[in-house]
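# Analysis of the macromolecular model
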Amino acid sequence: MEEQKFKDLKLGERGALISIAAYIFLSIIKLSVGFMTDSQALRADGLNNATDIIASVAVLIGLRLSQKPADKNHRYGHWKSEGISSMVASFIMMVVGIEVLIDSVSSFMHKDSQSPDMMAGFVGLFAAAVMYGVYRYNSTLAKKINSSAVMSAAKDNISDAWVSIGTAVGIFGSQLNMPWLDSVTALVVGMLICKTAIEIFRQASHELSDGFDVDRLQKLKNAILIMKGVKGIKEIKGRNYGNNEVVDVSILVDSTLDIKKAHGIADDVEAELQREYGVYQVHVHVEPQ
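A short tour of the structure in this document, coming up. (Residues numbered from 1 in each chain as written. Predicted model: local features only at pLDDT ≥ 70, side-chain atom pairs only at ≥ 80, totals over all residues. Heavy atoms only, no water.)

## Points about the overall build of the chain
For the record, the criterion: Numbered from the N terminus, helices here are DSSP runs of H or I no shorter than four residues, and strands are runs of E no shorter than two. Radius of gyration: over C-alpha atoms. The globule rule applied is 2.2 Å multiplied by the number of residues raised to the 0.38 power. The buried label goes to any residue with under 20% of its type's maximum accessible area, the exposed label to any with over 50%, and the partly exposed label to all in between, with areas taken from a 1.4 Å probe on protein chains only. A contact between two residues is defined here by any heavy atoms of the two lying within 4.5 Å. Method for areas: the Shrake-Rupley scheme with a 1.4 Å probe, in which residue coverage is limited to the protein chains shown. Working convention for charge: Lys and Arg count positive, Asp and Glu count negative, and His plus the chain ends are omitted. A single reference atom marks each charge: NZ on Lys, CZ on Arg, CG on Asp, CD on Glu.
Within the chain one finds 8 helices and 3 strands. For the chain, the succession of helices and strands along the chain, N to C, is α-α-α-α-α-α-α-β-β-α-β. A globule of 289 residues ought to have a C-alpha radius of gyration of about 19 Å, yet the chain, at 24 Å, is considerably larger. Reported as C-alpha extents along the three principal axes, the dimensions of the chain are approximately 85 × 30 × 30 Å. Every one of the 289 residues in the chain was classed for burial, and the buried ones make up 46%. Long-range contacts, defined here as pairs at least 24 residues apart, represent 72% of the contacts in the chain between residues at least 6 apart. In the structure as shown, the chain presents an accessible area of about 15000 Å², 61% of it carried by carbon and sulfur atoms. Across the chain, the centroid of the 29 positively charged side chains sits 5 Å from that of the 32 negatively charged ones.

Right, dumping it as structure tokens:
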């Protein structure tokens, strides 16, 4: 199973690299056209893609560091490297988001603001189409390798597609004698950047603090309780190492069983959770009842 996990991480790098390439391409176009057409919204969208480059690089670094084997200082491996990289990226995204908010408010308060050129709107629509294509690729890849990191990148891709559509709408709308609409759109983009940063931070901190999905834990508990030889569960806990689930469970078995049979039940529990539920590691403690 561990060998397959490493192969999946390697495959996941492809999605991160495609995202990086797309974001670099689009950020250059958006920032260049944004300054040429004096579109605050398109410049904000370009900065949004620039922060996405950082987030995608963080995912790539995390995927690569996670592939390092365990060593004397990291007995459990380097699986949590991805979470650390994501948290760093969230801080950078928040700073950029706040800067976009400040610039958009300043532009909105400027009485001489002009409507941007229509070309800026078409760039927004083009960017939305590109990001939708990247989203479809990463979404399919994430499902194939069961990677939460790549799926998070895919969700970021589709949100960027919607941001670009919103940018185009704001720019086209500003042509209707409402030049302030471009600045308002930039304000919305800034808020979306901050929202994405908060979501990435929340997910990373949840993982790094050994948080675990309660519903998922209950599902695993129910699966163990119906297994032959298990009379009850004294305690069950779960945590995540990157995309890998680790479960610690204390099961109750008949006190008349010998050590060999009790150990066999523990082996069955471990095999069931790994085979049927994809748990990476299961530590089973047996107690008599």
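## A word on the pairing of strand β3 (residues 281–288)
Note the cut-off: A pair of strands counts as paired when DSSP detects no fewer than two bridges linking them. By the criterion used throughout, a crossover qualifies as right-handed when its path from the first strand across the helix to the second strand runs clockwise, the strands pointing away from the viewer.
In this sheet, β3 lies alongside strand β2 (residues 244–253) in parallel orientation, the contact comprising 8 bridges. Looking at β3, one finds that D248 is bridged to H283. Note on the crossover from β2 through helix α8 (residues 259–277) to β3: the handedness is right-handed.

## Looking at the pattern of salt bridges
Stated precisely, the cut-off is as follows: Salt bridge criterion: a side-chain nitrogen from Lys or Arg within 4 Å of a carboxyl oxygen from Asp or Glu.
What the rule picks out here adds up to 9 salt bridges. Of the charged contacts in the structure, one is a salt bridge between R43 and D38, with a shortest N-O distance of 3.7 Å. Owing to a relative accessible area of 16%, R43 belongs among the buried residues under this scheme.

## Here we look at α8
Selection criterion: Under the convention used throughout, the expected extent of a helix is 1.5 Å for every residue step, that is, one less than its residue count. Picture the helix axis, draw a direction to every C-beta atom, and the arc is the one those directions span. N or O atoms within 3.5 Å of each other form a polar contact, as long as, within protein, one can give a hydrogen and the other can take it, and as long as residues adjacent in sequence are counted only when both atoms are side-chain atoms.
Here α8 is 19 residues long and its end C-alpha atoms lie 27 Å apart, about the 27 Å a rise of 1.5 Å per residue gives. Every buried residue of α8 is accounted for by A262, I265, A266, V269 and L273. One side of α8 holds all its buried residues, which, seen down the axis, span an arc of 95°. Seen from the open side of α8, the exposed residues pointing more than 90 degrees away from its buried face are K260, K261 and R275. Where α8 is buried, its residues meet α7 (214–225), β2 and β3. The distance from a side-chain oxygen at the start of α8 to the backbone nitrogen of K260 is 3.2 Å, and the residue carrying that oxygen is D258. Positive backbone phi, at 70°, marks G278, one or two positions downstream of α8.

## A short note on the nonpolar core
Soluble globular proteins tend to pack their nonpolar side chains together in the buried interior. What counts, and what does not: Take the buried residues of types Ala, Val, Leu, Ile, Met, Phe, Trp, Tyr and Cys, join any two whose side-chain atoms come within 4.5 Å, and each joined set is a nonpolar core.
Counting 18 residues, the largest nonpolar core has I224, V230, I236, I251 and L273 as its most contacted members. Only α7, β1 (232–241), β2 and α8 provide two or more residues apiece to this core.

## Quick notes on the packing of aromatic side chains
For clarity, the threshold we go by: Working definition: rings of Phe, Tyr and Trp (its six-membered ring) pair if their centres are within 6.5 Å, and the pair is stacked with planes under 30 degrees apart, edge-to-face with planes over 60 apart, and tilted otherwise.
This structure, assessed with the given rule, holds 4 aromatic pairs. Both rings, one in F91 and one in F201, keep their centres 5.8 Å apart while their planes meet at 40°; by these two values the pair is tilted. Residue F91 is located in helix α3 (residues 81–109), and its partner F201 is located in helix α6 (residues 180–208); the two are separated by 110 residues in the primary sequence. Here F91 falls in the partly exposed class, since its relative accessible area comes to 48%. Exposure remark for F201: the relative accessible area of 34% places this residue in the partly exposed category. Relative to F172, the ring of F122 has its centre 5.4 Å away and its plane inclined at 70°; by these criteria the two rings are edge-to-face. In this pair, F122 is assigned in helix α4 (residues 118–145) and F172 in helix α5 (residues 148–173), connecting sequence segments 50 residues apart. You can call F122 exposed: its relative accessible area is 51%.

## Overview of a nonpolar patch on the surface
This is how it is decided: Each patch groups residues whose relative accessible area exceeds 30% and which form no salt bridge, using 9 Å between like charges and 5 Å between nonpolar side chains of Val, Leu, Ile, Met, Phe, Trp and Tyr.
A contiguous nonpolar surface patch, about 300 Å² in accessible area, is contributed by I54, I84, V88 and I92. Counting residues per element, the nonpolar patch draws most heavily on α3, at 3 residues. Topologically, I54 is positioned in helix α2 (residues 40–66).

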